Amino acid sequence: MPVYDLHCHSTASDGVLSPRELVQRAAAQGVNFLALTDHDELRGLAEARATAEEHGIELVAGVEVSITWRKSTVHIVGLRVDPVDESLVLGLQRNRLGRAMRAELMAEDLARLGIVGALEGAYAFAGNKELIGRTHFARFLVERGVVKDVKTVFKKYLVKGKPGYVHHEWASLADALSWIRAAGGQSVLAHPGRYHFGRERMRDLLKDFKELGGDAIEVVTGSHTADQVPVYADLALEFDFQASVGSDFHAPGEGGRELGRLMPLPLRCRPVWEGW
Ligand code: AMP
Ligand code: MN
Ligand code: MN
Ligand code: MN
């Protein structure tokens, strides 16, 4: 059985391994199909593809698009996208532009608490200066000794209602799906269990996602517990979505799941790779 890992990050977004190091690590972990899915960014894909060819693993061109759905931030993964499609490239560029401004506001908010130098500190962790994000701020806060680890940062800072959180309006769900479709890709609702939506709100999201042409949902992800997997497998079946599998790996030793180390997809699911 081939090993699929269809969600992970490199230094082109908020991962700590270069695309080359990431693919080497995936190969060492026995991954056969790896999708690099950097946030709002495609620039890591060429290096990842070249490395994958050297190691005999299949690189799936991917991206994780940040969107705002009914005032909540939601992530949509695109798989097998054409990385030079104009509509996708321009759409992602627009999403990236908002990040610099949000970062300034985040730093101002932290400065009000006496945490100074956060903007420069976060940028120092950003391998891609166009892709400044909360994870870079989180690593800065750990380095500064404000919080003991990245996981704890996202409990006390940078999330709704906590210092350093700044609401941001990303692309719409319809936009993200139209860019992914234009680029010939499949669209996947990322880590549905992470949104803490109630049952009705989750169903509303799945309904909208279906109506707008969404293809799949992540049933197995690094952030789902063993109990959540069957819940999302059932929802995939009910709404007739394919099912995807991805670690959402960012960094060794940061608390997330290792590349390729995931539970198997429940047998009742239709895998997102069924037509590949
Ligand atoms: P951004 O797109 O800049 O708002 O940052 C979102 C990123 O922050 C996610 O992709 C994760 O890498 C990270 N993140 C968000 N919440 C958590 C959490 N609870 N634990 C660890 N990382 C998180
Ligand atoms: Mn991330
Ligand atoms: Mn995500
Ligand atoms: Mn991710």
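Residues numbered from 1 in each chain as written. Chains lettered and ligands numbered in written order. Predicted model: local features only at pLDDT ≥ 70, side-chain atom pairs only at ≥ 80, totals over all residues. Heavy atoms only, no water.

Draft legend 1. Highlighting the domain arrangement of the protein chain. On domain assignment, one finds that the protein chain holds domain 1 (4-96 + 169-246) and domain 2 (113-156). If you average the C-alpha positions of domain 1 and of domain 2, the two centres end up 24 Å apart. Taken together, the 11 residues of domain 1 in the interface contact seven residues of domain 2. When the two sides are added together, the surface that domain 1 and domain 2 hide from each other amounts to roughly 720 Å², 43% of it contributed by carbon and sulfur. (Domains from an automatic or database assignment. Contact = heavy atoms within 4.5 Å. Buried area = accessible area lost by both parts, 1.4 Å probe.)

Draft legend 2. Just the coordination of the manganese ion (ligand 4), in detail. Around the manganese ion (ligand 4), the protein contributes the donor atoms His7 (NE2), His9 (NE2), Glu64 (OE) and Asp248 (OD), at 2.1 to 2.2 Å from the metal centre. One chain supplies every donor to the manganese ion (ligand 4), and in sequence these donors are spaced H-x1-H-x54-E-x183-D. The distance between the manganese ion (ligand 4) and the manganese ion (ligand 2) is 4.6 Å. Here Glu64 lies in strand 3 (residues 58-69) and His9 lies in the loop between strand 1 (4-5) and helix 1 (19-28), a separation of 55 residues in the sequence. You can call Glu64 buried: its relative accessible area is 1%. (Donors = N, O, S within 2.8 Å, 3.2 Å for Na, K, Ca; no water. Helix = DSSP H or I, 4+ residues; strand = E, 2+ residues; numbered from the N terminus. Buried < 20%, exposed > 50% of the residue type's maximum accessible area, 1.4 Å probe, protein only.)

Draft legend 3. Up close: the coordination of the manganese ion (ligand 3). Surrounding the manganese ion (ligand 3) are the protein donor atoms Glu64 (OE), His75 (ND1) and His191 (NE2), at 2.1 to 2.2 Å. Between the two metals, the manganese ion (ligand 3) and the manganese ion (ligand 2), the spacing is 5.6 Å. Here His191 lies in the loop between strand 5 (186-189) and helix 8 (199-211) and His75 lies in strand 4 (residues 72-79), a separation of 116 residues in the sequence. Side by side, His75 and His191 carry an identical accessibility label, which is buried.

Draft legend 4. Representation of the pattern of salt bridges in the model. As enumerated under the stated definition, the model contains 19 salt bridges in all. Across the salt bridge formed by Asp109 and Arg112, the nearest N and O atoms sit 3.4 Å from each other. With a gap of three residues between them, Asp109 and Arg112 both fall in helix 3 (residues 86-112), about one helical turn apart. Asp109 gets classed as partly exposed once you look at its relative accessible area, which sits at 22%. Judged by its relative accessible area of 63%, Arg112 is exposed. (Salt bridge = Lys/Arg side-chain N within 4 Å of Asp/Glu carboxyl O.)

Draft legend 5. Spotlight on the layout of surface pockets. The computed volume of the largest pocket comes to approximately 1,600 Å³. Those elements that place two or more of their residues in the lining of the largest pocket are strand 3, strand 4, helix 3, helix 5 (134-143) and helix 6 (150-156). By residue number, the principal contributor to the lining of the largest pocket is helix 6, which donates four residues. Mapped onto the domain boundaries, the lining of the largest pocket takes at least three residues apiece from domain 1 (4-96 + 169-246) and domain 2 (113-156). Within this model, the second largest pocket holds a volume of roughly 350 Å³. Lining the second largest pocket are 15 residues, with Met1, Pro2, Pro264, Leu265 and Trp273 sitting closest to its centre. Of the residues contributing to the lining of the second largest pocket, the split by class is 14 nonpolar, one polar and no charged. (1 Å grid on protein atoms, 1.4 Å probe; cavity = no way out; pocket = protein on both sides within 12 Å on 5 of 7 lines; lining within 4 Å. Points joined across faces, edges and corners; volume = space filled by probe spheres on them. Nonpolar A, V, L, I, M, F, W, Y, C, P; charged D, E, K, R; others polar.)

Draft legend 6. Structural view of the side chain of Arg96. Looking at where Arg96 falls in the secondary structure, it is placed in helix 3. Residue Arg96 is classed as buried on the basis of its relative accessible area, which comes to 10%. A polar side-chain atom of Arg96 sits 2.9 Å from the main-chain carbonyl oxygen of Asp40. Among residues more than four places away in sequence, those in contact with Arg96 are Asp40, Glu41, Glu130 and Leu131. (Polar contact = N/O pair within 3.5 Å; in protein donor to acceptor, adjacent residues only side chain to side chain.)

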